[in-house]
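An overview of the molecular structure
So you can see what is in the structure, the chains are spelled out below.
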Amino acid sequence: SSRIVLVSRPVGMPEPENFRIETVELPEPDTGQALLETLYLSLDPYMRGRMSDAPSYAPPVQLGQPMVGATVSRVLESHDTAVQSGDIVLSYGGWQTHSVEPVRYLRRLDPAAAPVSTALGVLGMPGFTAYSGLLTIGRPQPGETVVVAAATGPVGSAVGQIAKIKGAKAIGIAGGPRKVALLRDHFGFDAALDHRAPDFADQLAAATPDGIDVYFENVGGAVFDAVFPRLNSFARIPVCGLIADYNATGLPAGPDRLGLLMSAVLRKSLTVRGFIQSEFAGEQMPAFLEQMSQWIARDQVHYLEDVVEGFDGAIEAFRGLLVGANLGKLVVHVAD
Ligand code: NDP
């Protein structure tokens, strides 16, 4: 079997030298465990955080150990009655073609209900992030304006579509004309903007004549700068991700604007609330799975997957994710 381990911690953008592809013996399951074959490996922005030993909400990957990650896997051998060989499960196998995992951590998937890869995207952690963060913290009301960036990705695309279902106006932001067209044509955003356009801030102002009531923060950086002056009183900002800064090695140059930010939080009674989706999973996951499956079945939510063929492609695909090379939820197809 093969695995991809972390051999050094990146400074800035992860480089191929930070990883190593290794061939190892097939692991052996113990009592209560199962041997799994990875079918799909999920690649997600949070993995950049796990490569670093800076303070985080989860411990870093140790050097020499496989990169972590969610997988959709087939059970090859089970030492527990809860799953049988042949079952397809959602697991946390990491960047490995095979893994051994405690059966109690696995969730069986029904391949007849939905393509199994969706358990890593629209019907998985990213879809749940959008659902829980938007509905619990953002609380969009009919007629309000919701703005989200990285909007063709699994989190942003679900945020926009759920906002629309709740009767709000959804403004999507993405990088490049191809993604902008998808926002309108595939995901049904009311307006779609390219954050790389030189007049992006003016475009955003034109698209939000009534200001912004919910800014679902996925990226930070220049997008936040353009959104900030458009926020209405009592706006809600679920802080979900800051991908523009994930490869940053220091603070940007320029004047300290913290006072400006805090004064707007005060004057406009803004709610700025960070969250990690796992906070809400215990209470909201079952309702999410039921509701999102229904929205997909009724064609109210569309999804988009970027499927990379072959395990060895994981490293380049992950690097691309951090600069927007992916078109939709990024997964690696490892085996059939
Ligand atoms: P995506 O598939 O959307 O991929 C990331 C996207 O970020 C890229 O495709 C790119 O899109 C965009 N991006 C990269 N750099 C920049 C930049 N400098 N400025 C603006 N956009 C940029 O990822 P996900 O949907 O999986 O994740 C979206 C966000 O949600 C991330 O920040 C992630 O960390 C966060 N997240 C947080 C969770 C939580 O529990 N808090 C859980 C899951 C995800 P484009 O080409 O359009 O610019």
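Residues numbered from 1 in each chain as written. Predicted model: local features only at pLDDT ≥ 70, side-chain atom pairs only at ≥ 80, totals over all residues. Heavy atoms only, no water.

**What about the overall build of the protein chain?**
- In terms of regular secondary structure, the protein chain is built from 9 helices and 15 strands.
- Relative to the 2.2 N^0.38 estimate, which gives 20 Å for 336 residues, the radius of gyration of the protein chain is 20 Å and therefore close to what a compact globule would have.
- For the protein chain, the spread of C-alpha atoms along the principal axes amounts to about 60 × 45 × 35 Å.
- Evaluated residue by residue, the protein chain yields a buried proportion of 51% over its 336 residues.
- The long-range fraction of contacts in the protein chain, counting pairs at least 24 apart against all pairs at least 6 apart in sequence, stands at 66%.
- Accessible area of the protein chain: about 15,400 Å², with a carbon and sulfur share of 53%.
- Measuring between centres, the 26 positive side-chain charges of the protein chain sit 7 Å from its 36 negative side-chain charges. (Helix = DSSP H or I, 4+ residues; strand = E, 2+ residues; numbered from the N terminus. Rg over C-alpha atoms; globule rule 2.2 N^0.38 Å. Buried < 20%, exposed > 50% of the residue type's maximum accessible area, 1.4 Å probe, protein only. Contact = heavy atoms within 4.5 Å. Areas by Shrake-Rupley, 256 points an atom, 1.4 Å probe, with all protein chains shown as cover. Lys, Arg positive; Asp, Glu negative; His and termini not counted. Charge placed at Lys NZ, Arg CZ, Asp CG, Glu CD.)

**Considerations on the site of the ligand**
- Residues in contact with the ligand amount to 26 residues; listed here are only the nearest, Lys 179, His 195, Asn 218, Gln 277 and Asn 326.
- In this structure, His 195 approaches the ligand through a side-chain N or O atom, which is 2.6 Å from an oxygen atom.
- Its free accessible area being 910 Å², the ligand has 91% of it covered by the protein chains.
- The set of elements that each furnish at least two residues to the shell around the ligand consists of α2 (125-138) and α3 (154-165).
- Residues belonging to the shell around the ligand are distributed by class as follows: 16 nonpolar, 9 polar and 1 charged.
- Here the shell around the ligand gathers at least three residues from each of two domains, domain 1 (2-120 + 304-333) and domain 2 (125-278). (Near = heavy atom within 4 Å. Polar contact = N/O pair within 3.5 Å; in protein donor to acceptor, adjacent residues only side chain to side chain. Nonpolar A, V, L, I, M, F, W, Y, C, P; charged D, E, K, R; others polar. Domains from an automatic or database assignment.)

**Let's talk about the packing of aromatic side chains**
- What the rule picks out here adds up to 10 aromatic pairs.
- Between Trp 95 and Phe 318, the aromatic rings sit 5.7 Å apart at their centres with planes inclined by 75 degrees, giving edge-to-face as the arrangement. Residue Trp 95 is located in the loop between β5 (88-91) and β6 (98-102), and its partner Phe 318 is located in helix α9 (residues 314-321); the two are separated by 223 residues in the primary sequence. There is no split in this pair, since Trp 95 and Phe 318 are both buried.
- Note on Tyr 215 and Phe 224: the rings are 6.3 Å apart at their centroids and 50 degrees apart in plane angle, and the pair reads as tilted.
- Here Tyr 215 falls in the buried class, since its relative accessible area comes to 0%.
- Directly above the aromatic system of Tyr 105 lies the positively charged group of Arg 104, at a separation of 4.7 Å from the ring centroid. (Phe/Tyr/Trp six-rings, centres within 6.5 Å; stacked < 30°, edge-to-face > 60°. Lys NZ or Arg CZ within 6 Å of the ring centre and 35° of its normal.)

**Describing the sheet that holds strand β9 (residues 169-174)**
- Read from one edge of the open sheet, 6 strands run β10-β9-β8-β11-β12-β13, paired in parallel fashion. The sheet terminates laterally at β10 (191-194) and β13 (271-274), the two strands that pair on one side only. Strand-to-strand, the axes of this sheet are offset by a mean angle of 15 degrees, without reference to chain direction.
- Strand direction decides the pairing type here: strand β8 (residues 145-148) and strand β11 (residues 212-216), joined by 3 bridges, are parallel. Within the sheet, the bridge partner assigned to Val 147 lies in β11 and is Tyr 215.
- Along the sheet face, helix α5 (residues 200-207) touches β8, β9, β10 and β11 and points at about 170 degrees away from the line of β10. (Pairing = 2+ DSSP bridges. Axes fitted to C-alpha atoms, helices over the stretch in contact; angles between N-to-C directions.)

**Some points on the domain arrangement of the protein chain**
- Each domain of the protein chain was delimited in the assignment, giving domain 1 (2-120 + 304-333) and domain 2 (125-278).
- Of note, the centres of domain 1 and domain 2, computed from C-alpha atoms alone, are 28 Å apart.
- Between domain 1 and domain 2, the contact holds 20 residues from the first and 15 residues from the second.
- For the pair domain 1 and domain 2, the summed buried surface comes to about 1,300 Å²; carbon and sulfur atoms form 67% of the total.
- If you look at where domain 1 meets domain 2, you find 0 salt bridges. (Buried area = accessible area lost by both parts, 1.4 Å probe. Salt bridge = Lys/Arg side-chain N within 4 Å of Asp/Glu carboxyl O.)

**Structural notes on the side chain of Asp 194**
- Along the chain, Asp 194 falls in strand β10.
- Summary of buried charges: Asp 194 has no salt-bridge partner, and the nearest side chain of opposite charge, Arg 196, is 5.2 Å away.
- Here Gly 176 takes part through its backbone nitrogen, which lies 3.1 Å from a polar atom of the side chain of Asp 194.
- Non-local contacts of Asp 194, meaning those with residues more than four positions away in its chain, are made with Ala 174, Gly 175, Gly 176, Pro 177, Val 180, Phe 200 and Gln 203.

**As for α5**
- Taken together, the buried positions of α5 are occupied by Phe 200, Leu 204 and Ala 207. Buried residues in α5, looked at end-on, bunch into an arc of 65 degrees, giving them a common side. In α5, the exposed positions angled more than 90 degrees off the buried face are occupied by Asp 202 and Ala 206. (Arc of directions from axis to C-beta.)

**Some remarks on the pattern of salt bridges**
- For the structure shown, the criterion picks out 12 salt bridges.
- The closest approach of N and O atoms between Arg 319 and Glu 15, which form a salt bridge, is 3.3 Å. Of this pair, Arg 319 sits in helix α9 while Glu 15 sits in the loop between β1 (2-6) and β2 (19-23); the two residues are 304 residues apart in sequence, bridging distant segments of the chain.
- Looking at Arg 319, the relative accessible area reads 16%, which means it is buried.
- Note on Glu 15: relative accessible area 34%, which makes it partly exposed.
- Measuring nitrogen to oxygen at the nearest pair gives 3.0 Å for the salt bridge that ties Lys 329 to Asp 44. Here Lys 329, found in strand β15 (residues 329-333), pairs with Asp 44, found in the loop between β3 (33-42) and α1 (46-50); they are 285 residues apart in sequence, far enough to count as distant.

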